[in-house]
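Geometric and topological summary
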Amino acid sequence: MLRFLLCDDDKEQLALLQQYTKQWSADHGLEVELITFHSGIALLEQYAPHPEDIAILDIIMPDMDGLELAKRLRAANNDFSLIFLTSSKDFALAAYEVHPYGYLLKPAAYASFSQLLDSLYQKLCQYIVVKSGNELCSISIDELAWVEAVNRQVVFNLANGKKLEVRDTFNNIQLKLSLYPCFFKSHRSYIVNFKYVEHFNAKEITMRGSRLCLPLARGLDKEFKDKYFSFMFS
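It should be emphasised that the depicted structure is a prediction, and the values quoted were computed from it without experimental measurement. Starting afresh in each chain, residues are numbered from 1 along the sequence in its written order. Per-residue local features of the predicted model are confined to residues with pLDDT of at least 70, and side-chain atom pairs are confined, for both listing and counting, to 80 or more; whole-chain, interface and lining totals are unaffected and use all residues. Only hydrogens and water are set aside; all other atoms, that is, all heavy atoms of the structure, feed into the side-chain values.

1. Description of the overall build of the chain
- Along the backbone of the chain there are 7 helices and 15 strands.
- A principal-axis box enclosing the C-alpha atoms of the chain has dimensions of 65 × 35 × 25 Å.
- Categorising residues by exposure relies on relative accessible area from a 1.4 Å probe, with only protein chains included: less than 20% of the type maximum marks a residue as buried, more than 50% marks it as exposed, and the intermediate range marks it as partly exposed. Evaluated residue by residue, the chain yields a buried proportion of 45% over its 234 residues.
- Partitioning the contacts of the chain with sequence separation of at least 6, the portion at a separation of at least 24 is 53%.
- All accessible areas in this document rest on Shrake-Rupley with a 1.4 Å probe, and a residue is counted as covered only by the protein chains that are shown. Accessible surface, the chain as shown: approximately 12,900 Å² in total, 49% of it carbon and sulfur.
- By the counting rule applied here, Lys and Arg register as positive and Asp and Glu as negative, while His and the ends of each chain are not counted. By convention, the charge on Lys lies at NZ, on Arg at CZ, on Asp at CG and on Glu at CD. The chain carries 25 positive and 29 negative side-chain charges, and their two centres are separated by 10 Å. Runs of E in the DSSP output that reach at least two residues are strands. Runs of H or I that reach at least four are helices, and both are numbered from the N terminus. Only heavy atoms enter the contact rule, under which two residues are in contact if any of them lie within 4.5 Å.

Structure below.
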């Protein structure tokens, strides 16, 4: 789930950002978490961004400006998406070192807000963030061949032959991958990426490169075939 961290000392502007974010998420059928802050210090004290976060920060704030706040957040966790809210383009050069994805100029219109978030969301959708050991890892959707449940663990099988053990439930991983039409749950313990399917019949699926045959659950062969060809020829 995407989490939005909205920070602006102007209460009216903050309320407008909330409204825009709710409208955007509703337009896209997404469930998101919204957390608001009236100061940079409050955000810094209460939250540490994680890779699925989108932080929208006002640049000009009294206690701590958005640039300093972004520097401290990046120092704590560099891997999150950042958008600045500003009344002037003059801050663009100063903001370069904290790598913002984009800027919203005040007064921000919903069209501009939506267009920027659409672009960012498209970029984020190319990766899935998972926890392996004590580390958060970003995995390219294009490089994920199949996922399997093994002894209460979830194993990600990558196109290059590497395996990644993930600390998560299989159901939760399935929910995350359901956002991408290239994935199909072929069995209670397997999710395959259509891009890496070489052959299939009513009972099994042969994965490209590995020559490994994965089971196709009884009764799913027609649905698999229909969705496979729909995806491949879309």
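Structure's up, so let's keep going.
2. Some words on the sheet that holds strand 14 (residues 204-207)
- The strand order 13-14-15 describes an open sheet built from 3 strands, whose pairing is antiparallel. Edge positions in the open sheet fall to strand 13 (197-200) and strand 15 (213-215), since each of these has one partner strand only. The mean angle between the axes of side-by-side strands here comes to 30°, regardless of whether they run parallel or antiparallel.
- Sheet strands in contact with helix 7 (residues 221-232) are strand 13 and strand 14, and its direction is about 145° off that of strand 13. A strand pair is defined by DSSP finding two or more bridges across the two strands. Fitting a line to C-alpha atoms yields each axis, with helices limited to the stretch in contact; the angle taken between N-to-C directions then spans 0 to 180 degrees.

3. With respect to the nonpolar core
- In plain words, nonpolar cores are sets of buried Ala, Val, Leu, Ile, Met, Phe, Trp, Tyr and Cys residues tied together by side-chain atoms within 4.5 Å. Counting 55 residues, the largest nonpolar core has Trp24, Phe113, Val130, Val147, Phe156, Leu177 and Phe224 as the members making the most contacts within it.
- Looking at which element gives the most residues to this core, the answer is helix 5 (residues 110-124), with 6 residues.
- With residues near it in sequence (within four places) discarded, Phe224 still touches Phe184, Val192, Phe194, Val197, Phe200, Ile205 and Leu216.

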